[in-house]
Each structure stands twice: as C-alpha cells, then as structure tokens.
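For reference, the chains in residue letters:
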Amino acid sequence: MSLLLGVRRLCTTSASTGNRAGNALYDVVIVGSGMVGGALSCSLGQEPILADKRILVLEASAKQPKMLTKDEQYSTRVVNLNIGSVELLNNLGVWDDIAAVRVRAFDHMHVWDSCADSSVSFDPTQSTSIGYIVENDLITAALSNRTRACRNVEVCYGKKVVGLGRSSEAWRNVTLQDGSEIKTKLLVAADGKYSNIRKLAGMNSIGWNYDQSAVVARLDLAEVTRGNRTAWQRFLPTGPIALLPLTDDSSSLVWSTTKEHAKKLTSLTEEDFVTAVNAALFNYYPRSQLVDFYTSGVNQFISGLQFSHSNSLVHPPQVSGVVMDTVASFPLSFNHSVRYVQDGLVLIGDAAHTVHPLAGLGVNLGFGDVVTLTEVLKSTVAMGADIGSPSHLLRYETARQRHNLPIMAFVDLTKRIYSTSSTIPIILRASLTQLVQSVKPIKELLTNQAERI
C-alpha cells in the first residue's frame, strides 16, 4: 500500500513535475474532477466493497482546487443544492467542511411573471430549508480534499485524454496527450457538457442552443427582507432573472437573456448595471387586456372554489451595487446523450445531460447520477461480475434516463412557455401558476419533488 500512496502523491503533482502517468492498469478511470466527478471519486473511494479497486482521476486543468476561506471574496459561480444533494455530500463527509466556510440556506422562494398578474411562493415541506446556495469552487475543493484521503484513489492534474481504444473485451485503452497509455475496466466521463470523452467514443447526443446567455454577478442589497433567506425569480419576455441569497446583504445574480443583451450587460459601468438589474426586477411591462381579463377570471374562479388563493404583491430587495470583477456570462443550451453507457464506458453529470439553469437542477441531477452509479457498481462487484459489465451498467442508464428525461423536458417546456410575449402562452402559464399557488397539495407535491431531484 505504501507504493500506491507514493504513486498518488507523485501523480497529484505530475502537472508541475512533468511525470508521466505511465502504462498502468486501473479498475476505474474518472475523467473530470469537478463537482460531479469529484463526488463520484469520493463515493467510490469510501465504499468498503470497492476498497481493493484501483481508481484514477484525470483532470485536464493543471490547477489543483484550493479550499476557500471565510474571508475570501465569493466566487462567481454558485449552485442551488436541494436536500438530496446535501444528504449525498453529508454522507461523503464533506458537508460539514463546506458549511464551516459558508453556505446560505433559503426557506422561501417567490416566482412571478412580468407579463401577467400571477405569482407563486414556495416554502419547505420536509425540512427547514428549500435549498442551499454554495459556490462551485467550494464544493469542488472539499471533495478534492476528501478524495485525497481515499487510499485507493489516485489524482492526476494537467492530463488530457486524446484517444480511446480497446485492447480486449474487458479493457479500455486511454491515451493521454503526453503519450502515456492507461488501461481500465471502466471509464467514466465527468468532463462537462462539451465532453471530450463522449466525442472520442462517438456517442451521439440531442441538443440545441437557446440563443441565450446567463449573466452572473455578486450583488449588494440596499435592503434586507426575511433576513435575505428568499430566492427570487422573475420571468421576463427575454428570460428569467433570479436573485439567490449569499449573505444578509448580498445575493448572486443569474440573469438568462438574449446573447446580444448579455453582451451589453457585461460591458456596462457599475451604476448602469445596477440600474438595469433593478429595472428588470421592478419595471412594469405592458400587458395585454385579454391576458388581464382571463387572469382576473381565473382568480375569481379559484376564489369561488374556496381555495386559499393569494397573489399579493411581494417585493424583492433593491440592488445597491455590484462587484464588477464577478460579472460574467456563459451560453445556455440543452443537451442529452442518446446513450449513457457503452462497453466499459459511462457518462455522468453534464457529459450526459445539460439543462437550462432556470430551475437550478443541473448539479442536482449529476449528484443523482453519482448515487445511482455507486449503487450499481457496488451490486455488480458484490455479484462477482466485472465492474465494467455492460449488462450491469445498463441498469444505471435505464434508471437515470427515466428520471432525467421527464425533468429536462419539463424545464425546456417551461423555458419556452415563459420566453415569449405571445398572448396564448401567457394566459396558459398564468393560469397554471395561479392554480399551483392556490391548491396546496399541488404546491407541496412540486416542492417535495424539487427537494429530492
């Protein structure tokens, strides 16, 4: 075991030393050490039944994650973790490390439409919080630290995969940019939505660009409501704008809009950027008289059924400033791999599925992949089968596609219905929103599902 530990330490610093990973045999090779890849390596490395399996993590970036401190500036990218994802991170032993630095729980969510008098508010049903806002870098660093404590896991930084092949039915060949070749029984692609492994393996995917970009930034608030433990989202004709709480007086902005508008927003001065955000949150948008007529009728109908209907206007906090070096944008798209598995190869996270950020579900779906794949591999090994057995991997593919596809379709449909100013879609979405707000069992069902996705 001492030899294995020495290899791991050498490999961890190989990006700077120029060391080759070498011609080596591994049971599992994971490509990508981001949040989802890091969670899988940590999960597999801590399973007693997999303790004798050699696991290698390959990361194309030469930069090793560094644990953040409380005093550091918040990084730009954050995620909304649901209860299921927090349970996974807690089981992996990293949640306390993350929470010790900074986590923002929110216990209320308010969503409203700029083109109709309709809104819906959500409160937790199974816990004290709906979700938790955490920085991507903080999660990645915590998982990296925990993975390094796994005796059977090696981590290599600055290692890019340039070729795939097969030496036999049981082994996958992985060729690295430095000429090294690795053999593995199971190759896991966790290298993001532009997955190089998926492309090298010739695995087809279905997808499209939304002709939108998400503008992100850290905002300072002029006022605090509910202790800033509310997530706010307003649907505009060009896409949703959301404020996710970070501290008592700051929030993270995620504004999905047209690419042209996003480019303009990222070039504004601080004062103009703040003005644009407040306008998006508070400005009145012209409404169709037909829409107002129908939404008023729906309100009266719901009231007549004696449901607890309430569409009282709730105001988000006003923005007073923006940390300019946190302003950035990235393109939005939909992508779903036709297959999640191939002989000795499996896709997880964004490598398998990419969804619009309006519902904040992306990384939660990826963490769900980690839970399912870990259980499949444990049962595979327990049955004495090869860890890369295609028939067993198909169980992972079936379970996750049945779970992910309906959710992705719903998010895509929601995006399309809310990204228009046409009268009929507005009437439809306003009516559905009012129904959800008024019928408690429907709202609780949606909240329960969101907490466990």
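Further up the page is the structure itself.
Source: prediction; values computed, not measured.

Each value, and the rule that gives it
- Residues numbered from 1 in each chain as written.
- Predicted model: local features only at pLDDT ≥ 70, side-chain atom pairs only at ≥ 80, totals over all residues.
- Heavy atoms only, no water.
- Salt bridge = Lys/Arg side-chain N within 4 Å of Asp/Glu carboxyl O.
- Helix = DSSP H or I, 4+ residues; strand = E, 2+ residues; numbered from the N terminus.
- Buried < 20%, exposed > 50% of the residue type's maximum accessible area, 1.4 Å probe, protein only.
- Core = buried A, V, L, I, M, F, W, Y, C linked by side-chain atoms within 4.5 Å.
- Contact = heavy atoms within 4.5 Å.
- Pairing = 2+ DSSP bridges.
- Axes fitted to C-alpha atoms, helices over the stretch in contact; angles between N-to-C directions.
- Parallel < 35°, antiparallel > 145°, perpendicular 65-115°, else oblique.
- Left-handed = near helix turned anticlockwise from the far one by under 90°.
- Disulfide = S-S within 2.5 Å.
- Nonpolar A, V, L, I, M, F, W, Y, C, P; charged D, E, K, R; others polar.
- 1 Å grid on protein atoms, 1.4 Å probe; cavity = no way out; pocket = protein on both sides within 12 Å on 5 of 7 lines; lining within 4 Å.
- Points joined across faces, edges and corners; volume = space filled by probe spheres on them.

Caption draft 1: Focus on the pattern of salt bridges. Under the counting rule described, the total for this entry stands at 14 salt bridges. Of the charged contacts, one joins Arg-400 and Asp-369 as a salt bridge, the two residues approaching to 2.7 Å between their closest N and O atoms. Of this pair, Arg-400 sits in helix 12 (residues 390-418) while Asp-369 sits in helix 11 (residues 362-382), and the two are 31 residues apart along the sequence. Salt-bridge contacts for Glu-375 lead to Lys-378; the nearest nitrogen and oxygen are separated by 3.3 Å. You can see Glu-375 and its partner Lys-378 sitting in helix 11, three residues apart, about one turn around the helix. Relative accessible area serves as the criterion here: at 43%, Glu-375 is assigned to the partly exposed category. Among the ionic contacts, a cluster of salt bridges with common partners joins Glu-47, Glu-375 and Lys-378.

Caption draft 2: The nonpolar core, seen in detail. Counting residues in each nonpolar core, the largest one holds 71 residues, and the members touching the most others are Leu-58 and Leu-81. The biggest single contributor to this core is helix 11, with seven residues. Excluding residues within four positions of it along the chain, Leu-81 makes contact with Val-86, Leu-89, Trp-95, Gly-131, Tyr-132, Val-134, Ile-139, Val-363, Asn-364 and Phe-367. Judged by nonpolar contacts, the second largest core, of 29 residues, contains Val-78, Ala-214, Phe-334 and Val-411.

Caption draft 3: Spatial organisation of the pairing of strand 16 (residues 319-337). Here 14 bridges tie strand 12 (residues 205-221) to strand 16, and the two strands are oriented antiparallel to one another. Residue pairing for strand 16: Arg-218 is matched across the bridge by Val-323.

Caption draft 4: Inspection of the packing of helix 3 (residues 35-45) against helix 6 (residues 136-148) at higher detail. Closest axis-to-axis distance for the helix 3/helix 6 pair is 9 Å, and the angle between their directions is 25°. One element, helix 3, and the other, helix 6, form an angle in the roughly parallel class. Considering only the axes of helix 3 and helix 6, their crossing is left-handed. Contact residues: Met-35, Gly-38, Ala-39, Ser-41 and Cys-42 in helix 3; Asn-136, Ile-139, Thr-140, Leu-143, Arg-146 and Thr-147 in helix 6.

Caption draft 5: Structural view of the state of the cysteines. By the definition in use, this model includes zero disulfides. For Cys-42, which is in no disulfide, the shortest distance to another cysteine sulfur is to Cys-150 and amounts to 5.1 Å.

Caption draft 6: Representation of the packing of helix 11 against helix 12. In contact at an axis separation of 9 Å, helix 11 and helix 12 are set at 160° when each is read in the N-to-C sense. Taken together, the axes of helix 11 and helix 12 lie roughly antiparallel to each other. Handedness of the helix 11/helix 12 crossing: right-handed. Side by side, helix 11 and helix 12 meet where Leu-365, Gly-368, Asp-369, Thr-372, Leu-373, Val-376, Leu-377, Ser-379 and Thr-380 of the first sit next to His-392, Leu-393, Arg-395, Tyr-396, Ala-399, Arg-400, His-403, Asn-404, Ile-407 and Met-408 of the second. Of the residues assigned to the contact of helix 11 with helix 12, the class counts are nine nonpolar, seven polar and three charged.

Caption draft 7: Structural context of the environment of Ala-105. Looking at the element boundaries, Ala-105 is found in strand 4 (residues 104-106). Relative accessible area serves as the criterion here: at 15%, Ala-105 is assigned to the buried category. When the C-alpha atoms of Ala-105 and Pro-245 are compared, they prove to be 8.0 Å apart, with 140 residues separating the residues in sequence. With residues up to four places along the chain from it excluded, the contact list for Ala-105 reads Ser-129, Gly-131, Tyr-132 and Arg-229.

Caption draft 8: View of empty space enclosed by the protein. Per the stated rule, a full pass over the model turns up two cavities of 30 Å³ or more. Empty space within the largest cavity amounts to approximately 70 Å³. Lining of the largest cavity is provided by Ser-33, Gly-38, Ser-41, Val-57, Thr-140, Leu-143, Ser-144, Thr-147, Arg-148, Val-155 and Tyr-157. Where the lining of the largest cavity is concerned, the elements lending two or more residues are helix 3, helix 6 and strand 8 (153-157). At five residues, helix 6 tops the list of elements feeding residues into the lining of the largest cavity. Of the residues in the lining of the largest cavity, the class split is four nonpolar, six polar and one charged. Here the second largest cavity defines a volume of roughly 40 Å³. Tyr-74, Val-78, Arg-102, Val-103, Arg-104, Ile-133, Val-134, Glu-135 and Leu-246 together form the lining of the second largest cavity. In terms of residue class, the lining of the second largest cavity is built from six nonpolar, no polar and three charged.

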